[in-house]
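Read off the chains here:
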Amino acid sequence: MRKYLAIALPLAVAGCMAPTPPVQEYASSNAISLRYSAFDSVPTLTAEARDMAIQHCAKYGKYANYQGGNAVNPLTTDEIHRFACERKKVDDSVVIAGQSRRPTYIFID
């Protein structure tokens, strides 16, 4: 029983945590990548990350267009989210909706 508790407790605590503040991973006049820890089964785009990207691209007179995000590796909660700095603003909702789908689970009998 203690073995299960040792595994379940950290997972339960991680599920209640808030994302960490974003850190700039890469930046240029054409793009910015932000890295932070988020505690969900799909990539989590935070408002703070969006604001950082908008401010960065605005320095070059461009709009921040969300390109997507992914987990750094399956053993951590770290994610990297990418934005392109472009002259024309596009609708980010399609990219966000596409990656917000929960993974499906296959039950094997």
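Everything quoted here is computed from the prediction, not taken from an experiment.

1. Here's the deal with the state of the cysteines
Taken as a whole and judged by the stated rule, the model has one disulfide. Across the disulfide, Cys57 is cross-linked to Cys85 (sulfur-sulfur distance 2.0 Å). Measuring handedness by torsion sign, the sulfur bridge of Cys57 and Cys85 sits at about -65° and is left-handed. Here the residue Cys57 occupies a position in helix H2 (residues 47-58), and Cys85 occupies one in strand E4 (residues 78-86), the gap between them amounting to 28 residues. For Cys57, a relative accessible area of 0% corresponds to the buried category. Taking relative accessible area as the criterion, Cys85 reaches 4% and is therefore assigned buried.

Basis of the calculations
Residues numbered from 1 in each chain as written. Predicted model: local features only at pLDDT ≥ 70, side-chain atom pairs only at ≥ 80, totals over all residues. Heavy atoms only, no water. Disulfide = S-S within 2.5 Å. Helix = DSSP H or I, 4+ residues; strand = E, 2+ residues; numbered from the N terminus. Buried < 20%, exposed > 50% of the residue type's maximum accessible area, 1.4 Å probe, protein only.

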